[in-house]
Amino acid sequence: MEIAFSRLDERVAKFTISGVSTSFANMFRRAMISEVPTLAIEDVRIYDNTSVLFDEMLAHRLGLIPLRTDLKRYKPRSECTCEDAGCPVCTATYTLSVEGPKTVYSSDLIPQDPDAAPAEENVPIIELATEQKVVLEAQAIVGTGKEHAKWQATTACGYKNYPEIVIDERCDGCGMCVDECPRDVLESGQGRVRVVEGKQELCSLCRLCERACLAGGIGNEPAIHIDTDETRFIFVVESDGSMPVREIIERALQYIQRSSDDLVDVMNDITGEGTE
Ligand code: SF4
Ligand code: SF4
Ligand SMILES: [Zn+2]
């Protein structure tokens, strides 16, 4: 297996994994979406709410605000010694005290722990008219996307098969496929068409080039052939800001490794029992 990054910054990663099956690619995608823990608001104590939103809707909106998550600092409540009581090891606390007229943003949510502040400052929560008030306390806990989407650390996470573009010797460089390609992947010159250097990954597999070639009257088979490499995948992963995208990738891979190790242990136990 090989992995090559074409982009890796705080929020976005684009990389190619080679030498794996579709099942592995999908397992990896699902692990990044569903198995990487993050903080999200779970409990809200509302002291005053004279806004146009019901308490439940307000709590729901608060739950969807991405929160910066340091997993070395926060444990899931199920692993904490406080037995569901809520303590600084498993719970981040926030207060919100606002009065209209005002648009309330995520930056109005004041965290007790600055390291667990909202990942974005400008997420709108509610519009308050004159004399409308919201006063509340909120508690965030660690969870995973498989429990609820509010605990997903990714905003986008997908893959596609690596495109393969083959141009055969019948190509006369007429350029019809070049004009048709919506991603500007192709260029013509010296009587042939070719892939623009570094642009192959941008091919969306739409096959408009094949159709254009056929429309030019070349016969039953186009001179350009679009296919996919079944063992090579291009991933694009975006973090919601709760943690660097690199950490999401690493934690998803650790989850897969842990699950495989657990399965091996179980198999060894079963085999051990069977031979005793
Ligand atoms: S399949 Fe679509 S995107 Fe890819 S080269 Fe052909 S026209 Fe362009
Ligand atoms: S349309 Fe067909 S023949 Fe014309 S340049 Fe493209 S591949 Fe070659
Ligand atoms: Zn606790």
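The rules we used
- Residues numbered from 1 in each chain as written.
- Chains lettered and ligands numbered in written order.
- Predicted model: local features only at pLDDT ≥ 70, side-chain atom pairs only at ≥ 80, totals over all residues.
- Helix = DSSP H or I, 4+ residues; strand = E, 2+ residues; numbered from the N terminus.
- Rg over C-alpha atoms; globule rule 2.2 N^0.38 Å.
- Buried ≥ 20, exposed ≤ 12 C-beta atoms within 10 Å, placed from the backbone.
- Contact = placed C-beta atoms within 7 Å.
- Core = buried A, V, L, I, M, F, W, Y, C linked by C-beta atoms within 7 Å.
- Near = placed C-beta within 6 Å.
- Nonpolar A, V, L, I, M, F, W, Y, C, P; charged D, E, K, R; others polar.
- Expected span 1.5 Å × (residues − 1).
- Pairing = 2+ DSSP bridges.
- Domains from an automatic or database assignment.
- Axes fitted to C-alpha atoms, helices over the stretch in contact; angles between N-to-C directions.

**Student:** So what exactly am I meant to see when it comes to the overall build of the protein chain here?
**Tutor:** The helix and strand inventory of the protein chain stands at 5 helices and 12 strands. Relative to its length of 276 residues, the protein chain is extended, with a C-alpha radius of gyration of 26 Å against a globular reference of 19 Å. When each of the 276 residues of the protein chain is scored for burial, the buried share is 28%. A separation threshold of at least 6 residues defines the contact pool for the protein chain, and within that pool the share at least 24 residues apart is 67%.

**Student:** Whenever I open this one, the nonpolar core confuses me. Can you help?
**Tutor:** The nonpolar side chains of a soluble globular protein tend to be buried with one another. Judged by nonpolar contacts, the single largest core of 27 residues is most densely connected at Leu39, Leu67, Ala138 and Ala140. If you list the elements that add at least two residues to this core, you get β3 (38-49), α2 (55-63), β4 (91-99), β7 (124-128) and β8 (133-143). Element by element, the count of residues in this core is highest for β8, at 6 residues. Core analysis: the second largest hydrophobic core is formed by 18 residues, Ala31, Met32, Val36 and Phe233 among them.

**Student:** Help me understand the site of ligand 1 in this model?
**Tutor:** Taken together, 14 residues lie around ligand 1, and Cys181, Cys203, Cys206, Leu208 and Cys209 are the ones closest in. Taken together, the residues that form the shell around ligand 1 break down as 10 nonpolar, 1 polar and 3 charged.

**Student:** In this structure, what is going on with the site of ligand 2? I would like to understand it.
**Tutor:** Around ligand 2 lies a shell of 17 residues, among which Cys171, Cys174, Cys177, Val193 and Cys213 are the nearest. Going through the elements one at a time, α3 (176-180) and α4 (208-215) are the ones with two or more residues in the shell around ligand 2. Among the residues making up the shell around ligand 2, the classes are represented as 12 nonpolar, 4 polar and 1 charged.

**Student:** Looking at this structure, I do not really get helix α1 (residues 22-34). What am I missing?
**Tutor:** It helps to recall that an α-helix has 3.6 residues per turn; residues three or four apart then point in one direction. With 13 residues, α1 should reach 18 Å at 1.5 Å per residue; the first-to-last C-alpha distance of 18 Å fits that figure. Within α1, the full set of buried residues consists of Phe28, Ala31, Met32 and Ile33.

**Student:** I keep staring at the pairing of strand β1 (residues 2-8) and nothing clicks. Help me out?
**Tutor:** In regular strands, side chains alternate between the two faces of the sheet. Burial analysis of β1 places just 0 of its 7 residues in the buried class, which makes it a mostly uncovered element. Sheet topology places β1 next to strand β2 (residues 12-18); 6 bridges connect them, and they run antiparallel. When the sheet's bridge partners are listed, Phe5 is paired in β2 with Phe15. Where β1 folds back onto β2 in an antiparallel hairpin, the turn is made up of 3 residues.

**Student:** Mind showing me how you'd approach the domain arrangement of the protein chain here?
**Tutor:** Interface size is commonly expressed as the accessible surface area that is lost when the partners come together. Here the protein chain is partitioned into domain 1 (2-34 + 155-237) and domain 2 (39-151). Computed from C-alpha coordinates alone, the two centres of domain 1 and domain 2 are separated by 42 Å.

**Student:** How should the environment of Arg77 be read in this particular structure?
**Tutor:** Mapped onto the fold, Arg77 is located in the loop between α2 and β4. Separated by 64 residues in the primary sequence, Arg77 and Ile141 have C-alpha atoms spaced 7.0 Å apart. Those residues in contact with Arg77, other than ones at most four positions away along the chain, are Asp84, Cys90 and Ile141.

**Student:** Sorry if this is basic, but what is going on with the sheet that holds β4 here?
**Tutor:** Sheets are built from strands that pair by backbone hydrogen bonding, the pairs being arranged parallel or antiparallel. Pairing in this open sheet of 4 strands is antiparallel, and the strands run β3-β8-β4-β6 from one edge to the other. Only two strands of the sheet have a single partner each, and these edge strands are β3 and β6 (110-111). Inspection of the sheet shows β4 paired to β8 by 9 bridges, in the antiparallel sense. Each residue of the ladder has a partner; that of Val98, found in β8, is Val134.

**Student:** What exactly am I supposed to notice about the sheet that holds strand β9 (residues 154-167) here?
**Tutor:** Read from one edge of the open sheet, 4 strands run β1-β2-β12-β9, paired in antiparallel fashion. With partners counted over all chains shown, the strands left at the sheet margins are β1 and β9, one partner each. Adjacent strand axes in the sheet meet at a mean angle of 30°, parallel and antiparallel pairs treated alike.

**Student:** What's the story with unusual backbone geometry in this structure? I'm lost.
**Tutor:** Trans peptide bonds make up the majority, and among non-glycine residues the majority have a negative phi. The omega torsion across Gly100 and Pro101 is 5°, close enough to zero to call that bond cis. Even without being a glycine, Gln190 presents a positive backbone phi close to 55°. Counting through the fold element by element, Gln190 comes out in the loop between β10 (186-189) and β11 (192-195). Even without being glycine, Arg207 reaches a positive phi, approximately 65°. As for its position among the elements, Arg207 is in the loop between β11 and α4. A count of 16 C-beta atoms within 10 Å places Arg207 in the partly exposed class.

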